[in-house]
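Observations on chain architecture
Here is how the chains run, residue by residue.
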Amino acid sequence: MWKRPKNAASTTNRRCFSLVHQYIQRFNEVSGSKSAVIRKRSETPGVMITQYVVDVPEGKSTPDFESKPIPVSIKEGQVASFKVVVKGDPKPEVSWRRAKGPVTDINKFQSKYDESTGEHIFEIIKVSGEETDTYKCYAANKYGKAVCTTTLNVIEASKNPSDFRKLLRRTKVVEKAGWENNERFWEAMLNADKKDYERICAEFGVADLSLIRKKLDEKKKERAKNEDGGIPYDGDGTESHSLTRGGRTNNSNIKGLVQKVDEEVKLLLLNTGLNLTDDEASLPSTEFKLSDVDFVVKIQELKALERKDALFACVLTHPLPKITWMSKGVTLEEGEKYSITVSDHKLIHRLLIRDCNLQDKGIYSAVAGIMSCSAWLVVLAERDPASAELKRARKAALASRAPIDLETVAKEQRLKTREEMEKILAAVKAKHREGQVEEGKSISGRDGAVTGAGKNRGAKAGAKIKNSKGNGSETKLNASGRLIGDPKSKKHIRSGQMDFDKVTESSCRDVDATSENHMADCDGIPDSSGTVRRPRRTKKAQRKQRTSVQDPNEVASDDEESDGDEEIDGEEESDGEEEIDGEEESDGDEESDGDESEDSTGQLKRSRRSKRSQQLRKAVNGESTYPEDHSEYDETEDATGTVTRSRRKRQGPLIEDVLIDPGVHFICGLSDVNAIINESAELTCKLSSEDCEGAWFRDGKKISPDDNFSVSKDGTIHKLVIIRCEEEHSGKYRFEADGRKTEAMINVKDPPRFDQEDVIAFTEPVTVNAGHNAIFKLHFVGHEPVKIKWYREEEELLDDNTTMIETSASHSRLLLSRCQRRNTGEIKIKLRNEHGFIEAISQLIVLDKPTPPLGPAEVTESSAVCIELKWRPPKDDGGSPVTNYTIERQQVGRNTWKKMGEIPGVPSYRDTDVDHGRKYCYRVRAVTAEGTSEVMETDDMQAGTLAFPGPPAPPKVVSAYDDCVNVSWTSPNKTGGSRILGYILEKRKKGSNLWAVVNAMDEIIKEKKYAVKDVVAGMEYEFRVTAINLSGIGEFSNPSEFVFARDPKKPPGKVTNLKVTETSYTHLVLTWTKPEDKPEIQDEAKGYFVDIRPAECLEWSRCNATLIITTSFSVKGLKSMNMYWVRVIATNDGGKSAPEELANYVLAMPSPVRPKFTNHKMKSFLVVRAGNSVRITVNFEASPRPHIMWVKDNVPVTKRVTISNSDGSSQLLIPSSERSDSGIYSILVKNLAGQETFSTEVRVTDDPKPPGPVELDENVPGTVTVIWQPSPDEKRDDRLHYTVSKLDSTRRTWTTVAEKLFNNRFTVCNIMHGREYHFRVYAKNDMGVSAPSDSPTCGKEKKKDKFVVSVPARKDCDLRCAPTFIVPLKLHTAPKGYECYMSCAVKGIPKPRITWYRNHISLNTDTNYYISNTCGVCSMSILHVGRKDVGEYTIAAENALGRAECSTVLSVKE
């Protein structure tokens, strides 16, 4: 019996008053199902298993991989396959995924299963470079899933033999030149896995792999030393990066970004306020050495546990919408493997690497503009001891250093930038108010940045603000509106742009109308003699990059190179800046940081100084940040473009500058041009003056007119035409005029192209006959490789039995074999290469014989002299128009067909050669230029007989009035083979047998409606109609409903007393009272409609399609236990009444019925052999549908037990029973009306095991006590008992001595001295008998002596005795429902009479007890022990000499 747990008091405060309440309480306490997720490693390396449940049932298991997929490296165009073998119970389902895209294309990705080997195969058809990826295999069942990964590497293969020859020549050159100094070879080896070493060496023609491995180890150590030792710099102090390896190198600028990344970086620099010089704007972003974007917080080294996530994060100085993340020279993209996120303020960028494995180990780089930072990701295996702390620390690995609050850092950076901008703006405004800022500064029309009027170098031009002391010190404003003059101040003023519209007094004119090229200069500067000096652009000006977060110890080593100027008309110029307020101009950048000298080669040299500059505070206050020096530089340029400078002093006083006309400038600059190879390309620009000549340059070299280049001038328009573009014509083109210049790119592309004549020929439709072949061929040119695809009706064509595609380097050919009519349609060819795509469309027309004419044929005239019929043309004419029809005729009853000849292509025929009364059948064929169609056969047509039409449908009354009734009807279904000419309508009064024609016979009704006006008000009429065709009048229709000739009625009132009289799960019955008839207010109802709607729906649905006359209705088709609203609407000829609804909703259920069990033959005890199924079915009645709960021994059944419930029954099923399933199973059926329970005891057992060793005890002569060890099953089966058999040496058969023994010993009587006895003990239970356990031999046969007969003297002996009990009754305790067996032994002569009593009541006549008396052994068996059997049992033995009694007590255990 179920016992309350110790903590039951805390679980519930209610007391359980019955067994059912205990069931319910226990069910509520343990019914909550809890699940857990456990991750563990498989015995197969690299496989991770996720277990969904805490305890996996016995015999079941989670999925696992017996063999993993092997990484594959395969050539392009072949079939790649991965194979796995999985295990698990239930059988796992296998699926595949990839990191960079879906695998849903069934033509590309196919999954198979090989039953013979048990392998799951994943094939990729015709692999290409796009399928190079990481693939995951998932095996899942309901207990868990297993995951493993593999990789696919596709080796691109060339189909052009010339490419292979080039590759061979390239391999020889590399081998000849030696691989020791081949940077490309070592870069590939350093970034590759060990398994790819052999392939890379083969590509570069290196044979000695062992030597390569040694060299590779040395280079790896050297790289690690460089990365640990700090940031290497170039010889000029410029930090250089290499994005191809994710770290810093000391021999290259930013490399590895493709052209697309170059354009993105330029766009990001412009959008974030970074100004580019003209030279810098024309260079790819990989050559930039100056950027205002830097990292405040760089990514840091991570250590991640295998199968965990890793997170890199960084903070920028300026907001960027996107940065580039790279690893092993590959740009990382958003996908299943990588998650790239950006904060709202665009300062914090994060990279999340999901499900790390050992292949993810390496260097990761973050690239922002031209700045980058790198860090290592170290992936530790789970068995690695170093991974223990990481396993306890977190799920996603973060930086191993002290945690940094990135949001706080980003917020501080934003505040810092805002404060710096406010300081600069305040300083400039202050100088402006004091009149210190002179003209000559301009605002760029595009960015709003301040630009020097004397020397505009894009982002490098600047303006100076003189202080009030007049000592020549100055504060400079660069193009971004920043103060310059002190390297230290630049550290704090890195970001932001300012609007100086209120500061400057003159603005520069925008010379680039396309906003893609910058002006070179704005103004001229007059010297002391009045000669106008026009500053010129500096050559190869560079500035060193400085980050916003920089070590102060590095400031002293940072310096900038100033721009050189050229001298015009003998005057001297400063370094890209002008003098203000008559003060001498100093080259502040050069004086403060270092001196320059010229070597013998003409190159500029710079000697560095360690002198620190003044603070920004002095610059803001107007103090000089540089020593006063009135020196200048003279700058000249030789033929090689080398800049040479010499320092000298100014002579004479300074002259105040005057703003003059800017001179010749560009009205419209050059624009980038995408040209097609072998075609012309044109560059055009427009100047402000016609008198100015200019020069064209390509990649720095001057262009002279020749056969390829045409240079022309038309007024102010200058034009450069490339007559026939070649690949070498791609590059940067520049036009210079009067010191101004504009630049643009020409990209010569070679997309696929067709010859115009070939396209015209291709677009002509191709017409073929059915069964013939169609050929489409088109020549093309374009850069290889060219991908070619053919389509028919937008569906791609592939090689098969009827389609063959031939492709060469210059043409493609499509062959369609055995064309059918259905192949007619659009044929399209599409070519694509890296430069573009093109397509051409043609039409395929397949000619075939037409389809049969469409029937059925219609008889338009049938008379005694002719038959006229018509039909419809064929559905498909086969591509050719129908020219004729051939007609054949057969007289019904004959077998021959007569050819009637051919008629023109009109689908009708008039046959005048007919006999009156005969029937004919016709066959029609369509004839085109391509052939004759199959036949269309007509029905039998009779000539000269009357085929009357059938009856129309009964007429319907549309409306009725006192003087008119409007009637309508429909055409008859059978027209008699000819058209309907009209109708005749008749009327009849109610009660009369005479029909009167409404319309005159000579005036038939053409339409299918008529207004009958010859009626008497108040009379009731019915109507019928007949149709007339060429044969005559047909059959009349059935009469219509009766209608009164009176004005329309008033609508009826609402029904009353609406109620529900009966309900069930599927229907309900309504009754109501008809509405009252109130003259002039509401008329009598003619019928009723019933509407219904579910409670969750707002729309009513009609239950009856036709009117019901009775005042009750049964609504059927309801859903069980659903709620419905019901209403009734009365109607008559005047309209409908207002609906009458029930006050409450109706629940689709019968009247409540208390649950009761209907099957009275249900078993309360079941014995099942272990391994067989257990099935308990219980039938019941209950309303509403009850709640059903099964429990075993007062505990809810486990999940391995299947419960199936229906409306009137419930079934418990155990598919494969075990001994632990034994117990009492109870069902609780409960609803609103009450509850009922029923219990069945199930005993799961098996054949018992034999008892232990048997021993014999012969203490009493004539008896033997058999003692045996219990069977191992005795503890598990309380119904197990024993049987003892005996074998006498004088007999050959075994006899049963005792049965149903529940103890382990028995005394056998009547043992004869001198005989040998053998005993066997069997164990028995409900399923069967065990094997016997044999005893040792008892007794020994006595040797026979000589038989001597001695006859003693006869003496009478009295053997009578009173009854006595030799073996008394024992106390018995039996389980409820089990069998109880009582036995004892009695002796007495004469044989005593035995009587059994229970509580002093005789049981000898009770059929519930089985009583026997065999040789003095008295026994009684109770088949099913119950509560009623508890009590005192007494046995009485009585004969003539006396009486004896023996008693015992029976207890029943629940």
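No experiment lies behind these values; they were computed from the predicted model shown.

Helix and strand counts for the protein chain come out as 14 helices and 100 strands. Out of the 1454 residues in the protein chain, the part that is buried amounts to 44%. For the protein chain, contacts bridging at least 24 residues in sequence account for 63% of all contacts bridging at least 6. Of the roughly 78,600 Å² of accessible surface on the protein chain, a fraction of 49% belongs to carbon and sulfur atoms.

Inspection of every chain in the model, using the stated rule, returns 20 aromatic pairs. Ring pairs connect the aromatic residues Phe82, Trp96, Phe109, Phe122 and Tyr135, which therefore count as one cluster. Lying over the aromatic face of Phe1089, Arg1102 brings its terminal NZ or CZ to 4.3 Å of the ring centre. The ring centre of Tyr1065 lies 5.8 Å from the NZ or CZ of Arg1185, which sits over that ring.

For the rest of this paragraph, the subject is the pairing of strand β39 (residues 731-737). Buried residues dominate β39, accounting for 6 of its 7 residues. By the bridge criterion, 4 bridges tie strand β35 (residues 695-698) to β39 in an arrangement that is antiparallel. Across the sheet, Trp696 pairs through a bridge with Phe735, a residue of β39. Relative to strand β40 (residues 740-749), β39 runs antiparallel, the two being bridged by 7 bridges. The partner of Ala737 across the bridge, within β40, is Arg740. Here β39 folds back onto β40 in antiparallel fashion, the turn holding 2 residues, of which Asp738 has a positive phi close to 55°.

A few words now on the nonpolar core. Counting 25 residues, the largest nonpolar core has Phe312, Trp325, Ile353 and Leu377 as the members making the most contacts within it. For this core, the elements supplying multiple residues, two or more each, are β12 (302-305), β13 (309-316), β17 (348-353), β18 (362-368) and β19 (371-380). Per element, the largest residue contribution to this core is 5 residues, and it comes from β19. Beyond its immediate stretch of four places on either side in the chain, Phe312 contacts Ile299, Gln300, Leu302, Trp325, His349, Arg350, Leu351, Ile353, Tyr364, Ala375, Trp376 and Leu377. In terms of nonpolar packing, the next biggest core, distinct from the first, is built from 23 residues, Phe666, Leu670, Ala675 and Phe735 among them.

Here is what the cut-offs are and how they apply
Residues numbered from 1 in each chain as written. Predicted model: local features only at pLDDT ≥ 70, side-chain atom pairs only at ≥ 80, totals over all residues. Heavy atoms only, no water. Helix = DSSP H or I, 4+ residues; strand = E, 2+ residues; numbered from the N terminus. Buried < 20%, exposed > 50% of the residue type's maximum accessible area, 1.4 Å probe, protein only. Contact = heavy atoms within 4.5 Å. Areas by Shrake-Rupley, 256 points an atom, 1.4 Å probe, with all protein chains shown as cover. Phe/Tyr/Trp six-rings, centres within 6.5 Å; stacked < 30°, edge-to-face > 60°. Lys NZ or Arg CZ within 6 Å of the ring centre and 35° of its normal. Pairing = 2+ DSSP bridges. Core = buried A, V, L, I, M, F, W, Y, C linked by side-chain atoms within 4.5 Å.

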